[in-house]
Amino acid sequence: MLGAFVRAFRTPDLRNKLLFTLFILTIYRLGSVIPAPGVDSVAIKQCLQNVQSGDAAGVYSLINLFSGGALLQLAIFGLGIMPYITASIILNLLTVVIPRLETLKKEGQAGQTKITQYTRYLTLALAVLQSTSIIAMARTGQLFQGACPPSSYLPDDGIVTLVTMVFVMTAGTCVIMWFGELITERGVGNGMSLLIFTTIISAFPSGMMRIWTEQSQWVFAIICVAALFLIAGVVFIEQAQRRIPVQYAKRMVGRRMYGGSSTYIPLKVNQAGVIPVIFASSLLYLPTLVVGLMGPESTSPVVTFLNTYFDPMGTHPVYMTTFFALIVGFAFFYVAITFNPTEVADNMKKYGGFIPSIRPGRPTAEYLDFVLTRLTTPGALYLGLIALLPMVALGSSGASANFPFGGVSILIMVGVGLDTVKQIESHLQQRNYEGFLR
Amino acid sequence: MILGLSIVLMLVSLLLIMLVLLHKGKGGGLSDLFGGGVTSSLGGSSVVERNLDRLTIVSGSVWIVCVVALGLLIQRG
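Residues numbered from 1 in each chain as written. Chains lettered and ligands numbered in written order. Predicted model: local features only at pLDDT ≥ 70, side-chain atom pairs only at ≥ 80, totals over all residues. Heavy atoms only, no water.

1. Quick look at the overall build of chain A
Counting secondary structure elements, chain A contains 18 helices and five strands. Within chain A, buried positions represent 47% of all 438 residues. In chain A, of all internal contacts separated by at least 6 residues, the share reaching a separation of at least 24 is 71%. Taken as a whole, chain A presents about 21,100 Å² of accessible surface, with 65% of it coming from carbon and sulfur. (Helix = DSSP H or I, 4+ residues; strand = E, 2+ residues; numbered from the N terminus. Buried < 20%, exposed > 50% of the residue type's maximum accessible area, 1.4 Å probe, protein only. Contact = heavy atoms within 4.5 Å. Areas by Shrake-Rupley, 256 points an atom, 1.4 Å probe, with all protein chains shown as cover.)

2. So, the sheet that holds strand S1 (residues 241–248) of chain A
All names here are of chain A. An order of S4-S1-S5 is seen for the three strands of this open sheet, with the pairing classed as antiparallel. Whereas interior strands pair on both sides, the edge strands pair on one side only; in this sheet they are strand S4 (262–268) and strand S5 (353–354). The pairing of S1 with S4 spans seven bridges and is classified as antiparallel. Following the sheet pairing, Ile 244 is matched in S4 by Ile 265. (Pairing = 2+ DSSP bridges.)

3. A look at the state of the cysteines
Scanning all chains against the criterion turns up zero disulfides over all chains. A:Cys174 takes part in no disulfide bond, and the closest cysteine sulfur, belonging to B:Cys66, lies 17 Å away. A relative accessible area of 3% means that A:Cys174 is categorised as buried. (Disulfide = S-S within 2.5 Å.)

4. A look at the packing of aromatic side chains
All names here are of chain A. The tally for this structure, following the rule as stated, stands at five aromatic pairs over all chains. Measuring from ring centre to ring centre gives 6.4 Å for Tyr 319 and Phe 323, while their planes differ by 25°; the resulting arrangement is stacked. Of this pair, Tyr 319 and Phe 323 both sit in helix H15 (residues 317–338), four residues apart, which is roughly one turn of the helix. Of the residues examined, Tyr 319 reaches a relative accessible area of 9% and is grouped as buried. With a centroid separation of 6.5 Å and an interplanar angle of 65°, the aromatic rings of Phe 330 and Phe 333 are classed as edge-to-face. Separated by three residues within a single helix, Phe 330 and Phe 333 lie in helix H15, roughly one turn from each other. By relative accessible area, Phe 333 is classed as partly exposed at 29%. (Phe/Tyr/Trp six-rings, centres within 6.5 Å; stacked < 30°, edge-to-face > 60°.)

5. With respect to unusual backbone geometry
All names here are of chain A. In the Ramachandran plot, Ser 357 falls in the positive-phi region, its phi being about 75° despite a non-glycine side chain. Within the secondary structure, Ser 357 sits in the loop between S5 and helix H17 (362–394). Taking the relative accessible area as the measure of exposure, Ser 357 reaches 78% and is therefore exposed.

6. As for the pairing of S1(A)
Where S1(A) and S5(A) come together, two bridges link them in antiparallel fashion. Looking at S5(A), one finds that A:Gln247 is bridged to A:Phe354.

7. Description of the pattern of salt bridges
Residues and elements named next belong to chain A. Summed over all chains, the structure comprises three salt bridges over all chains. The residue Glu 181 makes a salt bridge to Arg 120 at a minimum N-O spacing of 3.0 Å. With Glu 181 in helix H9 (residues 159–186) and Arg 120 in helix H7 (residues 109–140), this pair connects stretches of sequence that are 61 residues apart. In this structure Arg 120 comes out as buried when scored by relative accessible area, which is 0%. The shortest N-O distance in the salt bridge between Glu 366 and Arg 362 comes to 3.3 Å. Placement of both Glu 366 and Arg 362 in helix H17 is noted, with a separation of four residues, approximately one turn of the helix. Of the residues examined, Arg 362 reaches a relative accessible area of 65% and is grouped as exposed. (Salt bridge = Lys/Arg side-chain N within 4 Å of Asp/Glu carboxyl O.)

8. Some points on the packing of helix H11 (residues 204–214) of chain A against helix H12 (residues 217–239) of chain A
All names here are of chain A. Close contact between H11 and H12 brings their axes to 7 Å; oriented N to C, the two are set at 145°. Contact with H11, carried on its side by Met 208, Ile 211 and Trp 212, involves Gln 217, Phe 220, Ile 223 and Cys 224 of H12 and no other residues of that element. Grouping the constituent residues of the contact of H11 with H12 by class yields six nonpolar, one polar and no charged. (Axes fitted to C-alpha atoms, helices over the stretch in contact; angles between N-to-C directions. Nonpolar A, V, L, I, M, F, W, Y, C, P; charged D, E, K, R; others polar.)

9. What to know about the interface of chain A and chain B
Contacts between chain A and chain B engage 51 residues on the former and 40 residues on the latter. Each partner contributes to the roughly 3,800 Å² buried at the junction of chain A and chain B, and carbon and sulfur atoms together form 71% of this total. Its largest share of buried area at the contact with chain B, chain A owes to A:Phe167, A:Trp178 and A:Glu185, together 17% of the area lost on that side. Across the pair A:Arg186 and B:Asp53 runs a salt bridge, and its minimum N-O distance is 2.5 Å. For the side of chain A that touches chain B, the secondary structure elements donating two or more residues are helix H5 (82–97), H7, H9, helix H10 (191–202), helix H13 (275–294) and helix H18 (407–429) of chain A. (Buried area = accessible area lost by both parts, 1.4 Å probe.)

10. Some points on H7(A)
Between its first and last C-alpha, H7(A) extends 46 Å over 32 residues, near the 46 Å set by a 1.5 Å rise per residue. Following H7(A) by one or two positions, A:Gly141 adopts a phi angle in the positive range, close to 85°. (Expected span 1.5 Å × (residues − 1).)

11. Digging into the UniProt feature "transmembrane region" (unreviewed entry) in chain B
UniProt's entry tags residues 55–74 of chain B with the feature "transmembrane region" (unreviewed entry), counted in the numbering of this structure. With 100% helix and 0% strand, residues 55–74 of chain B has its two end C-alpha atoms placed 28 Å apart. (UniProt positions renumbered as here; feature names shortened; annotations may be inferred.)

Next up, the structure:
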């Protein structure tokens, strides 16, 4: 294992890629602690601590998860990559609805590039929207729900300063987008997911410290062991796949022989990855937003309803059931849009491939569909359970918001980690045969 | 002083946004985001991309310097 690390750093081009990735991630973290101009960084940290120890902590756990605490400090990279994720989700859903996007998607590489370009424009628009609303909330003091007077952390609330802050945060989001693309292009792994990974990891030490100081050492040890088992379980299921054998017929093209090989189609148990969880969390964030806009003290029936059933502390059964149902639904939906059995079957038929004992064409598509549905059922249930686990286990004690091993974060961590290690390994295998994983 | 620097900062921000958007979007799509398999980028970057990179880095540095300077100015004043 250690030998593999040494070898990874001995390989010149891989070393450059790794160092480049680390360099970009360092700059990203630096940018998330530099406050936007006009913000008193000392005062706002004080406010943050007041709020986090208060009872409204749950509202901030999800926002903080995706921004690494940078948003509430009004840092220049405060919005993080949340706008980009939201934009990708929106465009992904729109491809099903709008025919033009669907044709673009089917065009392959060129169409995909165009869709990416649309995603980037949409990201910019969302960034402007979100930074404006965040700055507006900060000015009225709603950002900390009135726990902190805005004049303390915004010493100068002239219009010029506020507009400058909006500009800076928007530009920051664009820079983050560029960082992600740079890592994808010249570094190791997928840039966007590595950036999310970093923000989640960065919340880890402080979360662990809080458990260490607030709870007894036994609790700390038990939590660590439980987390290890949870991570092992998640890795196990993420790696699980069903291999459907495919036999290719031999054929002659000119004087050369093609095919005649037997391979397999790998169908993962959790084909959708963590995307359903992210979809569901961002949808369930909406009620909180509505309550925030109407003011938590408002007596309108909508707010009362949302406050009782969709309290973001997430301990109410209705909230948990909705979360679970959304995740399961999205898991099936996402698998359906990413893996098209008819297309796979057609492609196999075109190149003379078939699944043993099943006719090519429609029966193959039906078989693939059947297997996929049967596989996705436990996969979707597993996703929902993992995401709910911390809420159920710790919800009653109210510790879920401060808990660093939330279901969403573990899923993202393991998913991204595995992916990156696999990519490093494929680089390693070009030089020598042994990698990290056996 | 503060007003002037604010205006400069806004202009630089706009420039930075423009430059980033001019880059060719690489590795897009949500399917790539989490466990979408290994995508290899074929072919090096073109001359245009390289110059764009250089410009972006320069304006990014100017941007950071402006942000920090303006932040310090407002806090002191």
